[in-house]
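# Per-entry structural report
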Amino acid sequence: MRLRTGDLTLLDDLRAHFERSGFVVESTGDGDLDVRRPDAPSPEQEALEIELHLKVWRVMRPGIRVELVDR
């Protein structure tokens, strides 16, 4: 799943948040991050886990915008 933020200074923090929880995160080179959960039992479960962890990250940083660009 691709995540995009308008503030490139947030990418390292966002990446670290997901990696601490066992996600695989790759930079796309254009300011986006591709986040995957290879051990999820299904694509639906993978998407759910990514969305949940993104919600946690957003709660800890009110007012910061991050978009789910691609599933």
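See the structure printed just above.
Figured I'd write up the structure that's included with this text. (Residues numbered from 1 in each chain as written. Predicted model: local features only at pLDDT ≥ 70, side-chain atom pairs only at ≥ 80, totals over all residues. Heavy atoms only, no water.)

### A closer look at helix α1 (residues 11–20)
- Every buried residue of α1 is listed here: L11, L14, H17 and F18. In an axial view of α1, the angular spread of the buried residues amounts to 130°, which keeps them on one side of the axis. Exposed residues lying more than 90 degrees from the buried face of α1 are D12 and R20.
- Trailing α1 by a residue or two, G22 shows a phi angle of about 90°, which is positive. (Buried < 20%, exposed > 50% of the residue type's maximum accessible area, 1.4 Å probe, protein only. Helix = DSSP H or I, 4+ residues; strand = E, 2+ residues; numbered from the N terminus. Arc of directions from axis to C-beta.)

### What about the packing of aromatic side chains?
- In this structure the tally under the stated criterion is one aromatic pair.
- Ring geometry for F18 and F23: centres 5.1 Å apart, planes at 85°, overall edge-to-face.
- Among the residues examined, F18 registers a relative accessible area of 0% and is labelled buried. (Phe/Tyr/Trp six-rings, centres within 6.5 Å; stacked < 30°, edge-to-face > 60°.)

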